[in-house]
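# Architecture at a glance
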Amino acid sequence: QVQLVESGGGLVQPGGSLRLSCAASGLTVESFDMSWIRQAPGKGLEWVSDINGGSTTTVYADSVKGRFTISRDNAKNTVYLQMNSLKPEDTAVYYCASGKRQWGDEYEWDYWGQGTQVTVSS
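Definitions and cut-offs
Residues numbered from 1 in each chain as written. Predicted model: local features only at pLDDT ≥ 70, side-chain atom pairs only at ≥ 80, totals over all residues. Heavy atoms only, no water. Helix = DSSP H or I, 4+ residues; strand = E, 2+ residues; numbered from the N terminus. Buried < 20%, exposed > 50% of the residue type's maximum accessible area, 1.4 Å probe, protein only. Polar contact = N/O pair within 3.5 Å; in protein donor to acceptor, adjacent residues only side chain to side chain. Contact = heavy atoms within 4.5 Å. Phe/Tyr/Trp six-rings, centres within 6.5 Å; stacked < 30°, edge-to-face > 60°.

### Quick notes on the side chain of Ser 98
With respect to the secondary-structure elements, Ser 98 resides in strand β9 (residues 92-98). On the accessibility criterion, Ser 98 (1% relative accessible area) is buried. In terms of polar contacts, Ser 98 uses its side chain to reach the backbone carbonyl oxygen of Asp 33, at 2.9 Å. If near-sequence neighbours (up to four positions away) are discounted, Ser 98 is found in contact with Leu 4, Leu 27, Phe 32, Asp 33, Met 34, Trp 109, Asp 110 and Tyr 111.

### Thoughts on the side chain of Arg 38
By the element assignment, Arg 38 lies in strand β4 (residues 34-39). A polar side-chain atom of Arg 38 sits 2.9 Å from a polar atom in the side chain of Asp 90. In terms of polar contacts, Arg 38 uses its side chain to reach the side chain of Tyr 94, at 2.9 Å. Setting aside its immediate chain neighbours within four residues, Arg 38 contacts Gly 44, Leu 45, Glu 46, Val 48, Ser 63, Val 64, Phe 68, Glu 89, Asp 90, Ala 92, Val 93 and Tyr 94.

### Description of the packing of aromatic side chains
Summed over all chains, the structure comprises two aromatic pairs. With a centroid separation of 5.8 Å and 80 degrees between ring planes, the pair formed by Tyr 95 and Trp 112 is classed as edge-to-face. Of this pair, Tyr 95 sits in strand β9 while Trp 112 is found in strand β12 (residues 111-112), placing the two residues 17 residues apart along the sequence. Residue classification places Tyr 95 among the buried positions, given a relative accessible area of 18%.

Next up, the structure:
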């Protein structure tokens, strides 16, 4: 059974940094494409970043480009999201997910973690 468990969220000041972790079981992160998605209070889901399972190619939403870095540690079967220069608008529940598929202009994921809260505030 696939299980994704996020950790590392918390309260951080604007301009600060945080690293989120996604520990996977039931799949190997080096073989599956992995994504980070977030949901800010009162808003819908927003895709943040992808890392390709084979090539490690990465892609980012414009809102986080240059500030966030997605990576993986195959030995730990864990995906990370390094978040730098954090802004209050980054406040959200961050989800790790896998099994991305596209239907027209919309996307869906087969597997989701429980989410971890990130709050950026002074």
